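Structural overview
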Amino acid sequence: MLKLALVDDHKLFRKSLAALLGTLEGVEVIYESDSGKDFLSFLKENKDVDIALLDIQMPEMDGYTLCGKVLNTHDTIKILMISQLSSKETIRHVMQSGAHGFVTKNSEPEQLELAIRNLNTTGFYLGPELGSVLKDLMLFQQGGNELQPDSDFLSDREKEVIRLICRGKSSAEIAEELFIHQRTVETHRQRMINKVGAKNFIGVIVFALKHNLLDVEDLS
Amino acid sequence: MKGTGEEVVSLFYIGTAIMLFLAFGLLFIVVTYQRHFFRMKRKEAENMLKVSLESEKNERARIAADLHDGVSGDLSAIKNYLSVLAKKESENKEIFDEIREGVDAALQNTRAVSHNLMPPLLETEGLVPALKGYLESIGAKAQIYFEVTANGAVALPASVAYQLFRVLQELTTNMVKYGNVSKCDINIALNKEALTIDITDDGTPFNFRENLAKPNASGLKNINSRLHAVGGVIVQEEEKQVGNHFTITLKNVNNA
């Protein structure tokens, strides 16, 4: 069972989301609250939350701050930001906060399910919103005078792993496809995150795109 | 006798002089007072304008936030519940689809109205990103290519940014409605404290000043009073065969 937690101060929406998520197979909503502070104290006692869905605009503590605090103490929880806001600036903030994915509140239920499944298998979700901002970032970065890493900064094997992860494949599937051990895939992932100095794998993808180590086409 | 005659004459002159002096003094006092009165009146009117523009802004922001955070969230919640119901119920699929389409339309309309009332980026990111976002969406609908350029991050006081946004919104709405425009360039430059905005389009030329005098020119009057409130002016560059070129200038953006 995938254990989910919801934090959103809009009660009607939160209840409806819990009801919707409850219909998904293998998914269970174990906690819901309107306050980030309550969620943090809940986490002190309960460590088995797999995915936390956080709203961005909340009165006491906003979603970005909450996301940072959760990840500080529980780095295995995957965070999906869910918001009414959908501007590029919002999404940029989401990426900076270290969240693993983003969906808007009026996304189709199918997209929400895909996001939950992807967070579970690959550890992140690049929806249409994040994808388009990444593309923008690419255009924006071209002509920048930042130091370019060598083209062999990431090995061919590592790039291959990124491409497969971007297509939504789990570590087990990647291991099968590349004829390597699943643990090797995990090692590759972690090493890339460390090498780039990112908070999570989305950071690695942004880095690879920015420095032309990866094409936008590889994302889809 | 001669002595008294001279005395009378000099008394007369002195008297006249005093009378004249008093008369001018009175006149001077009246004129000064009147000028002071008018100046007070004008200042009062300016203050009234500022206050009413400010309260308009706050009210729009409040309604936009209520719509965006409240109503949109409620509608999204209804959509979620519909999905839950539709999963359980295999009959009435068409009705479910119809309702969902209705809710989607309501959501889109709510968002459009809310953004129109108060562009979401204006408060957080400032004039340039808000303008880009707004023009991108209306440009796509109206088939006008808007290009916004700026020299760096244009940091303006919130009230100034808001009024300028409204002015540019008014100008570009006119382009969409009557202008026959296919391309419009907006260049925003902030040098120290002076702000210049150049707006160039390739549409039907129109004379700002002449149109302003017409009784139904509420949009243009709106532009004028908003600029007046933040200490700005709009100038139309020489009329051309095709297109228009306006320049908005604010001498001191922090003193508005």
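Residues numbered from 1 in each chain as written. Chains lettered and ligands numbered in written order. Predicted model: local features only at pLDDT ≥ 70, side-chain atom pairs only at ≥ 80, totals over all residues. Heavy atoms only, no water.

Overview of the overall build of chain B
- Of the regular secondary structure elements, chain B holds seven helices and five strands.
- On C-alpha atoms alone, chain B measures out to a radius of gyration of 30 Å, which is more than a quarter above the 18 Å that the 2.2 N^0.38 rule sets for 256 residues.
- The proportion of buried residues among the 256 residues of chain B is 34%.
- Summarising the internal contacts of chain B: among those between residues at least 6 apart in sequence, 69% fall at separations of at least 24.
- For chain B, the computed accessible surface area is about 16100 Å², with 59% contributed by carbon and sulfur atoms. (Helix = DSSP H or I, 4+ residues; strand = E, 2+ residues; numbered from the N terminus. Rg over C-alpha atoms; globule rule 2.2 N^0.38 Å. Buried < 20%, exposed > 50% of the residue type's maximum accessible area, 1.4 Å probe, protein only. Contact = heavy atoms within 4.5 Å. Areas by Shrake-Rupley, 256 points an atom, 1.4 Å probe, with all protein chains shown as cover.)

Quick look at the interface of chain A and chain B
- With 22 residues of chain A at the interface, the matching set in chain B holds 21 residues.
- Contact with chain B buries area across many residues of chain A, yet Gln84, Glu89 and Asn106 of chain A alone supply 29% of it, more than any other trio.
- Taken together, the connections running from chain A to chain B amount to one salt bridge.
- Lys79 of chain B is paired through a salt bridge with Glu108 of chain A; the nearest N and O atoms lie 3.2 Å apart.
- In this structure, the connection of chain A to chain B is made through eight residue pairs in polar contact (both at pLDDT 80 or more).
- Mapped onto the side of chain A that touches chain B, the elements with two or more residues apiece are helix 1 (11–22) and helix 4 (88–97) of chain A.
- Counting residues per element, the side of chain A that touches chain B draws most heavily on helix 1 of chain A, which supplies seven residues.
- A breakdown of the residues in the side of chain A that touches chain B according to their chemical character gives eight nonpolar, nine polar and five charged. (Buried area = accessible area lost by both parts, 1.4 Å probe. Salt bridge = Lys/Arg side-chain N within 4 Å of Asp/Glu carboxyl O. Polar contact = N/O pair within 3.5 Å; in protein donor to acceptor, adjacent residues only side chain to side chain. Nonpolar A, V, L, I, M, F, W, Y, C, P; charged D, E, K, R; others polar.)

Considering the UniProt feature "domain: Histidine kinase/HSP90-like ATPase" (unreviewed entry) in chain B
- Here, the residues flagged by UniProt with the feature "domain: Histidine kinase/HSP90-like ATPase" (unreviewed entry) are residues 163–251 of chain B.
- Between the first and last C-alpha atoms of residues 163–251 of chain B the distance is 15 Å; the span itself is 39% helix and 33% strand. (UniProt positions renumbered as here; feature names shortened; annotations may be inferred.)

Some points on a nonpolar patch on the surface
Residue and element names in this part refer to chain B.
- Together, Ile14, Ile18, Phe21 and Leu22 make up an exposed nonpolar region whose accessible area comes to about 450 Å².
- With respect to the secondary-structure elements, Phe21 resides in helix 1 (residues 2–88).
- Owing to a relative accessible area of 63%, Phe21 belongs among the exposed residues under this scheme. (Patch = residues over 30% accessible without salt bridge, like charges linked within 9 Å, V, L, I, M, F, W, Y side chains within 5 Å.)

Comments concerning the domain arrangement of chain A
All names here are of chain A.
- Taken domain by domain, chain A consists of domain 1 (2–125) and domain 2 (143–219).
- On a C-alpha basis, the centroid separation for the pair domain 1 and domain 2 is 25 Å.
- Residue-level contacts link 13 residues of domain 1 with 13 residues of domain 2.
- Buried area between domain 1 and domain 2, both sides added, is near 810 Å², and the carbon and sulfur share of it is 64%.
- Here domain 1 is connected to domain 2 by zero salt bridges.
- Counting the contacts that link domain 1 with domain 2 gives three residue pairs in polar contact (both at pLDDT 80 or more).
- Secondary structure elements with two or more residues in the side of domain 1 that touches domain 2: helix 4 and helix 5 (109–121). (Domains from an automatic or database assignment.)

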